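Chain residues, written in single-letter form:
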Amino acid sequence: MILKQHTIAAIILACAAGISSLAVSSSVLAAPVNINAADAVTLASSLKGVGLKKARAIVDYREANGKFKSSDDLSLVKGIGMKTVEINRKDIHVTSKSLKNRKK
């Protein structure tokens, strides 16, 4: 009986570890995003190296200074450097038109 309980506990832990690794890996994957239209949650889930705090800073900067003209403008946001821009460059869009014309 004890062996059976340990086996069940091991299976539960393995499943929990798998679920948490899926959650982590989904936040690491980048996705195309319009930085002039996306909310903080979308930015955080779409850009590598950008969590919710940095995503909120992006939205705050955009609201205070107007739309971004290029992906490089993202580096003007405190906490976002050119390294983050370079890592995400292919997924950063400043117009919805660029998302529609994106080659796959």
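Computed from a predicted model, the values in this text were never measured in an experiment.

Novice: What am I meant to see in the packing of aromatic side chains here?
Specialist: Think of a pair of aromatic rings as described by two things: how far the centres are apart, and how the planes are tilted against each other in angle. Counted according to the given criterion, the structure contains one aromatic pair. Between Tyr-61 and Phe-68, the ring centres sit 5.7 Å apart and the planes meet at 15 degrees, which makes this aromatic pair stacked. With a relative accessible area of 23%, Tyr-61 lands in the partly exposed category.

Novice: Looking at this structure, how should I read the confidence of the model for the protein chain?
Specialist: Atom-level detail of predicted coordinates should not be read off regions where pLDDT is low. Averaged over all residues, the pLDDT of the protein chain is 80; the fraction at 70 or higher stands at 63%. At the level of individual helices and strands, the protein chain shows its lowest average pLDDT in helix α1 (residues 2-28), which scores 51, and its highest in helix α3 (residues 52-65), which scores 98. Every residue in residues 19-27 is under pLDDT 50, and counting partners more than four places away or in other chains gives one contact.

Novice: I'm lost on the environment of Ile-92 in this one. Help?
Specialist: Structurally, Ile-92 can be placed in strand β2 (residues 92-93). In this structure Ile-92 comes out as buried when scored by relative accessible area, which is 8%. Between the alpha carbons of Ile-92 and Ser-70 there is a distance of 8.8 Å; along the sequence they are 22 residues apart. Other than its neighbours up to four places away in sequence, Ile-92 contacts Val-33, Ile-35, Leu-47, Ser-71, Leu-74 and Val-85.

Novice: What should I look at first to understand the pattern of salt bridges in this one?
Specialist: Where charged atoms of side chains with opposite charge meet at close range, the side chains can pair. Scanning the model with the defined rule gives three salt bridges in all. Asp-72 serves as the salt-bridge partner of Arg-89, at 2.7 Å between the closest nitrogen and oxygen. Placement of Arg-89 in the loop between α4 (82-88) and β2 and of Asp-72 in the loop between α3 and α4 is noted, with a sequence separation of 17 residues between them. Note on Arg-89: relative accessible area 31%, which makes it partly exposed. For Asp-72, a relative accessible area of 34% corresponds to the partly exposed category. Residue Glu-86 is joined to Arg-89 by a salt bridge in which the shortest nitrogen-to-oxygen separation is 2.5 Å. By relative accessible area, Glu-86 is classed as partly exposed at 46%. Salt bridges sharing partners connect three or more residues here, namely Asp-72, Glu-86 and Arg-89.

The rules behind each value
Residues numbered from 1 in each chain as written. Predicted model: local features only at pLDDT ≥ 70, side-chain atom pairs only at ≥ 80, totals over all residues. Heavy atoms only, no water. Phe/Tyr/Trp six-rings, centres within 6.5 Å; stacked < 30°, edge-to-face > 60°. Buried < 20%, exposed > 50% of the residue type's maximum accessible area, 1.4 Å probe, protein only. pLDDT = per-residue confidence, 0-100. Helix = DSSP H or I, 4+ residues; strand = E, 2+ residues; numbered from the N terminus. Contact = heavy atoms within 4.5 Å. Salt bridge = Lys/Arg side-chain N within 4 Å of Asp/Glu carboxyl O.

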